[in-house]
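Observations on the model geometry
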Amino acid sequence: MNVPVNKVLKLEDLVRNDNVLFAATGITTGDLLKGVQRKGSMMFTETLLIRGRSRTIRKLASYHDISRLSED
């Protein structure tokens, strides 16, 4: 990827325009996001989405039924 080693990168080095999407899902609970929680066969996750072009910030709370996962 031609990323220099041992160099502090600035925002302009990482993102050249506003056509970008940032996503982060909490694994453990912190100041920004809740961590993964499980109750029986249900799991809860919280995800932060930021879209550069529209400056939209979304926080998603999702519930996942893990009993429906395939064991292939």
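Scroll up a little and you will see the structure.
Residues numbered from 1 in each chain as written. Predicted model: local features only at pLDDT ≥ 70, side-chain atom pairs only at ≥ 80, totals over all residues. Heavy atoms only, no water.

It is worth spelling out the packing of aromatic side chains at this point. The final tally for this structure, using the stated rule, is one aromatic pair. Plain terms: the ring middles of F44 and Y63 are 5.2 Å apart, the flat faces sit at 50° to each other, and that makes the pair tilted. Here F44, found in strand β3 (residues 42-51), pairs with Y63, found in strand β4 (residues 56-65); they are 19 residues apart in sequence, far enough to count as distant. The class for F44 is buried, based on a relative accessible area of 9%. (Phe/Tyr/Trp six-rings, centres within 6.5 Å; stacked < 30°, edge-to-face > 60°. Helix = DSSP H or I, 4+ residues; strand = E, 2+ residues; numbered from the N terminus. Buried < 20%, exposed > 50% of the residue type's maximum accessible area, 1.4 Å probe, protein only.)

As a further point, take a nonpolar patch on the surface. Side chains of V3, L9 and L14 sit close together on the surface and give an oily, nonpolar patch of about 260 Å² of accessible area. Relative to the elements of secondary structure, L14 occurs in helix α1 (residues 11-14). (Patch = residues over 30% accessible without salt bridge, like charges linked within 9 Å, V, L, I, M, F, W, Y side chains within 5 Å. Areas by Shrake-Rupley, 256 points an atom, 1.4 Å probe, with all protein chains shown as cover. Salt bridge = Lys/Arg side-chain N within 4 Å of Asp/Glu carboxyl O.)

That is the geometry; function is a separate question.
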